[in-house]
Amino acid sequence: MTIFRSFYSPILQTNIDTSKLIYAFLIIIVIERTVAFRKACRTINDLPGIRSPFSPLGPLGAIMGTTWWQTGPDMLWIRKKELYRTQETLSVVPWLYGSPIIYTTNMDVMKQFISTSGLFVKADEAMMGPNMYGQNVFTTEGAEWRKHRRVMGPAFSHSLYRMVWDESSKTYREMVSAEGWSEKKTVDVPVTQVATFKFALVVIGLCAFGFDFKWTEPPTTSEGEMSIQEAMRIVIDNFLYLIFTPSWLRLLPSFKHLQKAYDQLGQFMKNQVQVRREEIHGYVGGEYTRKDMFSMLVQANESEAGKNKLEDSELIGNVFVMLFAGHETTANSLATTLAFLSIHQDAQDEVVQQIIDVVGYERDPAFEDYSKLNKVLAAFYEALRLFPSGFMLLRVMGEDAVISIPNPRGQEGTQPCPIPKGTWVIVDMIGVHRNPRYFEEPEKYKPSRWHGIPNDSEQFTAFSAGSRACIGRKFATTEAVCFLTMFLRDWKVEPLLRAGETVEGWKTRVVDAKVGFTLGIKDVPVRLIRRERHSGT
Ligand code: HEM
């Protein structure tokens, strides 16, 4: 103690002015931050862009959102018209807290970011949700990813798409009857998403598990337990809480149902692996008849050996990621399509005319009609172009590398840009899809731009491109074409206006984004008017 006093006595005896101390401290912070900021800018070759206090994807950026002084994850939507006026690839460098991020709307740069070269990998932080039940095809890289994709491949077969079509058709009929629309000439739907989210959940549940999920299924079973459909809904709708809530907090009564849903779905999937495996091994003679994704996945895995075989936790991880990746994306895009068609009656008439020409009134549309209903698909694609559900393709640099950035439109050549290991790079899909380099009148809803383009063309990039493109693309388009065909044949869709509101007013109120993990549209209120059944529309 005595030694301590004598050592520090010159300091303790000094009459320190506190305000000067704070002042000096602030100066040190400013200098430190300025040096760090300059260094961060230099690491990305001073690529121009936005300078804001916090990273748009860090917790503070996410909480504060986009304002005049800060950028949040919704900046890609809010500032879509001004962000890329002078350049298609830009940087966001935070000057107070966070690391630089590179954003691009250029397809050549996009191809570099989404390549499977190993230079650009998925960021662990962003994979916590999809990885909730186990590693899977969405979250893995390199040889691991190839292993997952190989086992997943057989599940995405012609018979699955036929099943998607048939289940979508059946679910649409159930919806109309259960919602009491069958006898009505006019139906006001205040929030279209209520229907499309339930529709997509039932269809993916049916096709993933092969169970007879019903539109009217109650949230609890006859034994008073939470139903699997309800557990799926709760987990998918609340995955952000499940990731970020510490396990002790989940014991509190208000979080208990979340934990219960999570455990119940996990246990269910675990049991199902076992059930399917026993079925497959016990199956005698003929072809194994189950065609749902889960069964196909387990079956494909059983024929693998050694290091190519997936663990049970990985099988479960893959089934969950199908629910996760395939539900909200499809549900949002269906609601967006109905919103656009309601305010573009000419486009709606053209789609309906094709439906009548191909299917007529006397029968339900069949899977064989899919390829002939290209105008229905074009209406869906165009809505997805303007509101791409997967609006950010996020990667992290696995190594230091130099990317090649094309010069602005009208100028030949490219510029090299060094990017250090660990930097996040993002393909801004909203920006790509509204980039005038690729789309004439990009802000306009014009389904005709997709007429004559093959259904699975990579010219349409909302499902990404290359070998890591969406494995569920045909699943989603089959479901969408079936749903829209049945829906639009029965109903004329109009915007549901408030008292005194004009269609322009409705557009301003509704055609705007909800930015979350995926990109959706604001609540879509529509009026459905039953169509007269006669030849011609
Ligand atoms: C409108 C609906 C959909 C859209 C817009 C969409 C979009 C996308 C996009 C953009 C990616 C690439 C993500 C990235 O590279 O970071 C992706 C990947 C993926 N999607 Fe979809 N998706 C949709 C529906 C579905 C469905 C229905 C399923 C499953 C049934 C599904 C399963 C997957 C999976 C597993 C991947 C990861 C593929 C891989 O990395 O190999 N998606 N999706």
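The name an unreviewed UniProt entry gives the protein is Cytochrome P450, with Marasmius oreades as the organism. Taken from UniProt, the Cofactor (unreviewed entry) comment for the protein reads in full: "heme".

The next thing to look at is the overall build of the protein. Helix and strand counts for the protein come out as 18 helices and 13 strands. If you line up the protein on its principal axes, its C-alpha atoms span 95 × 55 × 50 Å. With 537 residues in all, the protein has 51% of them scored as buried. Relative to all contacts within the protein whose residues are 6 or more apart in sequence, the contacts with residues 24 or more apart total 71%. Only carbon and sulfur atoms are counted for the fraction: they give 57% of the accessible area of the protein, which is about 25300 Å². The centroid of the 61 positive side-chain charges in the protein is displaced by 4 Å from the centroid of its 60 negative side-chain charges.

Moving on, we get to the coordination of the iron atom of the ligand. Protein coordination of the iron atom of the ligand rests on one atom only, Cys470 (SG), at 2.3 Å. Along the chain, the position of Cys470 falls in the loop between helix H16 (429-433) and helix H17 (473-490).

Between its terminal C-alpha atoms helix H14 (residues 345-358) stretches 20 Å, which fits the 20 Å expected from 14 residues at 1.5 Å a residue. Lining the buried residues of H14 we find helix H13 (312-343), helix H15 (374-386), H17 and strand E10 (491-495). Looking one or two places after H14, you find Gly360, whose phi comes out positive at around 75°.

Here the focus is the pattern of salt bridges. Counted according to the given criterion, the structure contains 31 salt bridges. One salt bridge connects Arg233 with Asp237, and the closest N-O pair in it is separated by 3.3 Å. One end of the pair is Arg233 and the other is Asp237, both in helix H9 (residues 228-237) and 4 residues apart, which spans about a single turn. Asp512 serves as the salt-bridge partner of Lys522, at 3.0 Å between the closest nitrogen and oxygen. With Lys522 in the loop between strand E12 (519-521) and strand E13 (526-530) and Asp512 in the loop between helix H18 (503-510) and strand E11 (513-515), the pair connects residues that are 10 residues apart, well separated along the chain.

What follows concerns unusual backbone geometry. The general pattern is negative phi for most residues beyond glycine and trans for most peptide bonds. With a phi angle near 60°, Asn45 is a residue other than glycine that sits in the positive phi range. Note that Asn45 resides in the loop between helix H2 (18-43) and strand E1 (49-54). By relative accessible area, which is 46% here, Asn45 ends up partly exposed. Of note in this structure, Ser464 is not a glycine but carries a positive phi near 70°. Relative to the elements of secondary structure, Ser464 occurs in the loop between H16 and H17. By relative accessible area, which is 8% here, Ser464 ends up buried.

Attention now moves to the site of the ligand. Close to the ligand lie 26 residues; Trp145, Arg149, Arg395, Arg468 and Cys470 are nearest. At 2.7 Å, a side-chain N or O of Arg395 approaches an oxygen atom of the ligand. Within the contact set of the ligand, an oxygen atom lies 2.9 Å away from a side-chain nitrogen or oxygen of Arg468. Of all the elements in the fold, those that place two or more residues in the shell around the ligand are helix H6 (142-152), H13, strand E6 (392-397) and H17. For the shell around the ligand, the leading source of residues is H13, giving 6 residues. The residue makeup of the shell around the ligand, split by class, is 15 nonpolar, 7 polar and 4 charged.

Cut-offs and rules
Numbering of residues starts from 1 in each chain and follows the order in which that chain's sequence is written. Residues qualify for local features only when their pLDDT is at least 70, as the model is predicted, and side-chain atom pairs are given and counted only at 80 or more; totals for whole chains, interfaces and linings, by contrast, use all residues. Hydrogens and water are ignored here; the side-chain numbers use all heavy atoms of the structure. UniProt positions are given in the numbering used here, feature names are shortened, and annotations may be inferred rather than shown by experiment. Strands here are runs of E lasting at least two residues and helices are runs of H or I lasting at least four, both read from the DSSP assignment and numbered beginning at the N terminus. Burial classes: relative accessible area under 20% of the type maximum marks a residue as buried, over 50% as exposed, and values in between as partly exposed (1.4 Å probe, protein chains only). When checking whether two residues touch, look at their non-hydrogen atoms; a contact exists if any pair is within 4.5 Å. Per-residue and other accessible areas follow the Shrake-Rupley method at a 1.4 Å probe size, with only the shown protein chains counted as cover for residues. Counting rule applied: Lys, Arg positive; Asp, Glu negative; His and chain ends not counted. Where a charge lies is defined by one atom per residue type, namely NZ (Lys), CZ (Arg), CG (Asp) and CD (Glu). The donor set covers N, O and S atoms within 2.8 Å of the metal, switching to 3.2 Å for Na, K and Ca, and it leaves out water, so a site may look short of donors. How far a helix is expected to stretch is found by multiplying one less than its residue total by 1.5 Å. For salt bridges, the criterion is a side-chain nitrogen of Lys or Arg within 4 Å of an Asp or Glu carboxyl oxygen. A cutoff of 4 Å decides nearness: a residue is near a molecule or strand if any of its heavy atoms lies inside that distance of it. In the analysis that follows, any N or O atom pair within 3.5 Å is treated as a polar contact, provided that within protein one partner can donate a hydrogen and the other can accept it, and provided that, for residues neighboring in sequence, both atoms belong to side chains. Classes in brief: Ala, Val, Leu, Ile, Met, Phe, Trp, Tyr, Cys and Pro nonpolar; Asp, Glu, Lys and Arg charged; the others, Gly included, polar.

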